[in-house]
Amino acid sequence: MATTRGYVQRLTWLSPGPTVCVVVGPAPSSAEAFFVQIKAGDSQETINTKKSLVAFLTDAQLSGREVNVTHGSTSAEITAADTVAGDTTGIPLQVDGIEVTQAIQDLGHSIPLIAGKRTVVRVYLSYYSGAGVNVSGTIAVRRSPSDPLFTINSENSVALSPAEAGNLSVKRNDATKSLNFVLPASGTVAGPLAIMIASITNTATATTIPVGGERIPIVRFQDSPALRVRIVGMRYTVGTPPVSYAPSTFHVNMLLSWLRRAYPVGQVISSTGVVDVTAAAPGFSCDDVNAQLAAIRALDMAAGGDERTHYYGYVDDGGYWMRGCTAGIPGTVASGPTGPGNWGWDFDGSYGDWYGGHELGHTYGRRHPGFCGESASDLDNYPFPGGQIGSDASFVGFDVGDPANNLPMVALSGTQWKDVMTYCDRQWVSPYTYIGLRRRLITEDSAGAGASAGVAGAGEGFGGRPDQRYPGGAARQEVSGISGIEKRLVSVIAVVNLTRNQGRIRYVNPLERGKESGVEPTSPAVLRMKHSDGSVLDEYPAAVKLNSELLPADDRVGLIEAAIMFDKSATSIELLINGQLADTVAVGGPSPSVRAVRWPPERLGNELSLMVEAEGASERNYRYAVQVSTDYGRTWHTVAVGLTEPRFSIDRSQFKEGDEVQVRILVTNGLDTAVVTTETFRI
Ligand SMILES: [Zn+2]
């Protein structure tokens, strides 16, 4: 029998056949090839032994532990393997482990690492002698054995106390007790990365200390779709004298930072805007805000927006506290509050970050695991007790920090921190939620920019660029039906209460392009189009996207977010819930046309004020929407919708100094839209 000592440099299943090739040695250039083979005559017991041997070697490769493999003196077949015990007397400084983390991780690196995401390598060390030592360090990384080594210095130094030697969990739960290394962007591209300790230095003497128990983990970074979000500051005015409230840039930055740190994405593609809440303040609900956002999003998508974009209505709590919610799980729109409150545990100056992470989590299909007073909609699968994100022996959270926003690195104990989809304090992502978010992001991304986010079956049956979805290619307002009757695609947004059979149609906007949302035959909510003679033209049972935060005793409140082909002869839309008429709105009539826009806009402080004169403005069913473009009309963002008066002001702070802005005003009777676009002007 012979023994070879080293790291598992490579482990390959030879295909076809149950043979594993294992390359072991101190370095890639001085390693030998061995194998483990399951043979035809092997007993079940032998097969199991060989399988656990392969599992052990796989784990050793992932964690970079040094191993002894036993094999015949003239044979390359491995018969046994074990880890190399550290000689703590001869070499008092020992490596306990290396953990490569982005948000949540275990020592086996079972959470996939996302390419392009801020990544921290945590090196856990023990010192077994004397009074301890203070150390800093350098690691070296490379993407393949032929690459030159790239060295990275630790962000910190660590005081190693012999009393904590070998105690891995105390170190994992405290960012100041590991040497932390931030990988450069070149180290987080998709593919493998080998990490080794280059040197550990005694900071008191500036001398290098020999290290035992070294391990060379090889981790792999995976490509990931970006998170696409539009954050809409929902402005409202309350008090005497009236004061307006909208979230500050600080709150927006903190939310975006949290999403970058906690979500399984390498990139957050975001835009921001400011929109006045149309519902009365104070007192408006997240259902009101989500209805407005849904109308805005429908118009934005029809104007060429990326369908993968989720919309988040952000409400400053300075004048009024609005509880947050999502319309439907999964969904496309959500809203929630922000402010400086610390909730007894969050002292970074903004709670809108994790609150937004929760609501956006619903839009990505995440439900409540049922802890700390929330309704349990996902109780069966949650892997940890009490909503914990992990345990000392498995998953520990790590906030990689954000220097741009003065946020430090923080280790988040797996037992003290709770999943963001619970109602518990100390919110972070569990592996369960992290992997679930990743799965959903991939599903939506594979459906493409032209598919709908937030649709249960996103990825099937539709897609393509918005301008390719109708025969004829170009954006068209009118599509002829089979019978030759003119049809028009119309977005209808309603807030409904299924418990009380109540509801209101809030927004009706023709869409210049897009696709129908489809019917849900069993829905209790029905949209009915009627002709002026009272005859029914069509009926659409429409899906109701329930408020995500309902408790069992709450009324079933939700949103209808429908895009429907309307017969142009329609004169009214009725909303029926469980067969009862809940609301009626008039549509159609004389086509609107715009006579003039008062131009240039009046500038009142931070506001741009515009006014439109429309023909037949006395028509009581006319509604006005306002869109802005900063890319010469390529894309448009809706900044006002459902206005009953042709006057509005735009918050100038949503643009950058020097932005070239165009504004267009849409006047609609629900079936036809007149559009007038301003000249480009500079902010
Ligand atoms: Zn929730």
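Residues numbered from 1 in each chain as written. Predicted model: local features only at pLDDT ≥ 70, side-chain atom pairs only at ≥ 80, totals over all residues. Heavy atoms only, no water.

Draft legend 1. Structural view of the overall build of the protein chain. Within the protein chain, the regular secondary structure consists of 6 helices and 43 strands. In terms of overall dimensions, the protein chain has C-alpha extents of about 95 × 60 × 50 Å along its principal axes. Out of the 683 residues belonging to the protein chain, those deemed buried represent 54%. When contacts within the protein chain are restricted to residue pairs at least 6 apart in sequence, those whose partners lie at least 24 apart make up 65%. (Helix = DSSP H or I, 4+ residues; strand = E, 2+ residues; numbered from the N terminus. Buried < 20%, exposed > 50% of the residue type's maximum accessible area, 1.4 Å probe, protein only. Contact = heavy atoms within 4.5 Å.)

Draft legend 2. Examining unusual backbone geometry more closely. Cis rather than trans, the peptide bond between Thr240 and Pro241 has omega equal to -5 degrees. Mapped onto the elements, Pro241 comes out in the loop between β17 (227-238) and β18 (243-245). Between Ile329 and the following residue, Pro330, the backbone shows a cis peptide bond with an omega angle of -5 degrees. Relative to the helices and strands, Pro330 is located in the loop between β21 (325-326) and β22 (333-338). A positive phi is found at Tyr632, a non-glycine position, where the angle reads about 60 degrees. Its location among the elements puts Tyr632 in the loop between β38 (623-629) and β39 (637-643).

Draft legend 3. Just the sheet that holds strand β34 (residues 570-577), in detail. Read across the open sheet, the 4 strands follow the order β31-β30-β34-β35; overall the sheet is antiparallel. The two strands at the open ends of the sheet, each matched to only one other strand, are β31 (536-541) and β35 (580-586). Pairwise comparison of adjacent strand axes, ignoring direction, gives a mean angle of 20 degrees for this sheet. (Pairing = 2+ DSSP bridges. Axes fitted to C-alpha atoms, helices over the stretch in contact; angles between N-to-C directions.)

Draft legend 4. Here's a closer look at the state of the cysteines. One pass over the structure, following the stated rule, counts 2 disulfides. At a sulfur-sulfur separation of 2.2 Å, the disulfide partner of Cys286 is Cys325. Between Cys286 and Cys325 the sulfur-sulfur dihedral comes to about 115 degrees; the bridge is accordingly right-handed. Within this pair, whereas Cys286 is found in helix α4 (residues 286-302), its partner Cys325 is found in strand β21, the two being separated by 39 residues in sequence. Comparing Cys286 with Cys325 shows no difference in burial state: the two are buried. One disulfide bridge connects Cys372 with Cys424, the sulfur atoms lying 2.0 Å from each other. Between Cys372 and Cys424, the S-S dihedral sits near 90 degrees, and the bridge is therefore right-handed. (Disulfide = S-S within 2.5 Å.)

Draft legend 5. Local environment of the nonpolar core. Core analysis: the largest hydrophobic core is formed by 81 residues, its most contacted members being Ile505, Leu527, Ile560, Ile573, Ile650 and Val663. Considering every element that reaches this core, the biggest residue donor is α4, with 11 residues. When near neighbours in sequence (up to four residues on either side) are disregarded, Leu527 contacts Val492, Ile505, Asp538, Glu539, Tyr540, Ala542, Ile560, Ala562, Ile564, Ile573, Glu574 and Leu575. Residues Leu227, Leu256, Phe384 and Trp428 belong to the second largest nonpolar core, which totals 40 residues. (Core = buried A, V, L, I, M, F, W, Y, C linked by side-chain atoms within 4.5 Å.)

Draft legend 6. Fine view of the pattern of salt bridges. Counted under the stated rule, the structure contains 28 salt bridges. Ionic pairing is found between Lys177 and Glu164, a salt bridge with its closest N-O pair at 2.8 Å. Highlighted residues: Lys177 in the loop between α2 (168-172) and β13 (179-182) and Glu164 in the loop between β12 (158-160) and α2, separated in sequence by 13 residues. Between Asp672 and Lys568 there is a salt bridge, with its nearest N and O atoms 3.3 Å apart. Note that Asp672 is positioned in the loop between β41 (660-668) and β42 (673-677) and Lys568 in the loop between β33 (557-567) and β34, a separation of 104 residues in sequence. Given the relative accessible area of 11%, Asp672 is considered buried. Put simply, Arg228, Asp306, Arg308 and Asp445 are held in one network by salt bridges that share partners. (Salt bridge = Lys/Arg side-chain N within 4 Å of Asp/Glu carboxyl O.)

Draft legend 7. Molecular detail of α4. Between its first and last C-alpha atoms α4 spans 24 Å; for 17 residues at 1.5 Å apiece the expected length is 24 Å, and the two agree. The backbone nitrogen of Asp287 has a side-chain oxygen 3.2 Å away, supplied by the residue at the start of α4, namely Ser285. Two residues or fewer after α4 comes Gly304, characterised by a positive phi angle close to 100 degrees. (Expected span 1.5 Å × (residues − 1). Polar contact = N/O pair within 3.5 Å; in protein donor to acceptor, adjacent residues only side chain to side chain.)

Draft legend 8. Region of the structure containing the packing of helix α3 (residues 249-262) against helix α5 (residues 352-363). Between α3 and α5, whose axes approach to 8 Å, the crossing angle comes to 55 degrees. Our classification of the angle between α3 and α5 gives oblique. Relative to α5, α3 is oriented so that their crossing is right-handed. Every residue of α5 that contacts α3 at Met254, Leu255, Trp258 and Leu259 is listed here: Gly352, Asp353, Trp354, Gly356, Gly357 and Leu360. For the contact of α3 with α5, the class distribution of residues is 6 nonpolar, 3 polar and 1 charged. (Parallel < 35°, antiparallel > 145°, perpendicular 65-115°, else oblique. Left-handed = near helix turned anticlockwise from the far one by under 90°. Nonpolar A, V, L, I, M, F, W, Y, C, P; charged D, E, K, R; others polar.)

Draft legend 9. Structural view of the packing of aromatic side chains. Enumeration according to the criterion identifies 22 aromatic pairs in this entry. Aromatic side chains Trp345 and Trp417 sit 5.8 Å apart centroid to centroid with 90 degrees between the ring planes, which places their arrangement in the edge-to-face category. Remark: Trp417 occurs in the loop between β24 (410-412) and β25 (418-419) and Trp345 occurs in the loop between β22 and α5; sequence separation between them is 72 residues. What makes Trp345 buried here is its relative accessible area of 13%. Taken together, the aromatic side chains of Trp321, Trp343, Trp345, Tyr351, Trp354, Tyr355 and Trp417 make up a single cluster linked through ring pairs. (Phe/Tyr/Trp six-rings, centres within 6.5 Å; stacked < 30°, edge-to-face > 60°.)

Draft legend 10. Focus on the environment of Gly324. Looking at where Gly324 falls in the secondary structure, it is placed in the loop between β20 (310-316) and β21. Separated by 14 residues in the primary sequence, Gly324 and Thr338 have C-alpha atoms spaced 9.6 Å apart. If near-sequence neighbours (up to four positions away) are discounted, Gly324 is found in contact with Cys286, Ser335, Gly336, Pro337, Tyr355, Glu359 and Glu549.

Draft legend 11. Expanded view of the sheet that holds strand β9 (residues 120-127). Overall, antiparallel pairing links the 3 strands, which are arranged β6-β9-β13 in an open sheet. In the strand order of this sheet, the two ends are held by β6 (93-101) and β13, each with one partner. Put simply, the sheet's adjacent strands are angled 20 degrees from each other on average, direction ignored. Two elements, β6 and β9, share 8 bridges in a ladder whose sense is antiparallel. Opposite Val100, over in β9, you have Val121 as the bridge partner.

Draft legend 12. Focus on the environment of Val628. Within the element layout of this structure, Val628 appears in strand β38. A sequence separation of 41 residues divides Val628 from Asn669, and the C-alpha atoms of the two residues are 21 Å apart. When near neighbours in sequence (up to four residues on either side) are disregarded, Val628 contacts Thr635, Trp636, His637, Val639, Ile650, Phe655, Val661, Gln662 and Val663.

Draft legend 13. A look at the pairing of strand β5 (residues 78-83). As paired elements, strand β4 (residues 66-71) and β5 share 5 bridges and run antiparallel to each other. Bridge pairing links Thr70 to Ala80 in β5. Between β4 and β5, which pair antiparallel one after the other, the connecting turn spans 6 residues.

Draft legend 14. Quick peek at the pairing of strand β16 (residues 218-222). Of the two faces of β16, only one is covered, namely that formed by Val219 and Phe221; the face formed by Ile218, Arg220 and Gln222 stays uncovered. Bridge count for strand β8 (residues 113-114) against β16 is 2 bridges, and the pairing is parallel. In the sheet register, Ile114 faces β16, and the bridge partner there is Gln222.

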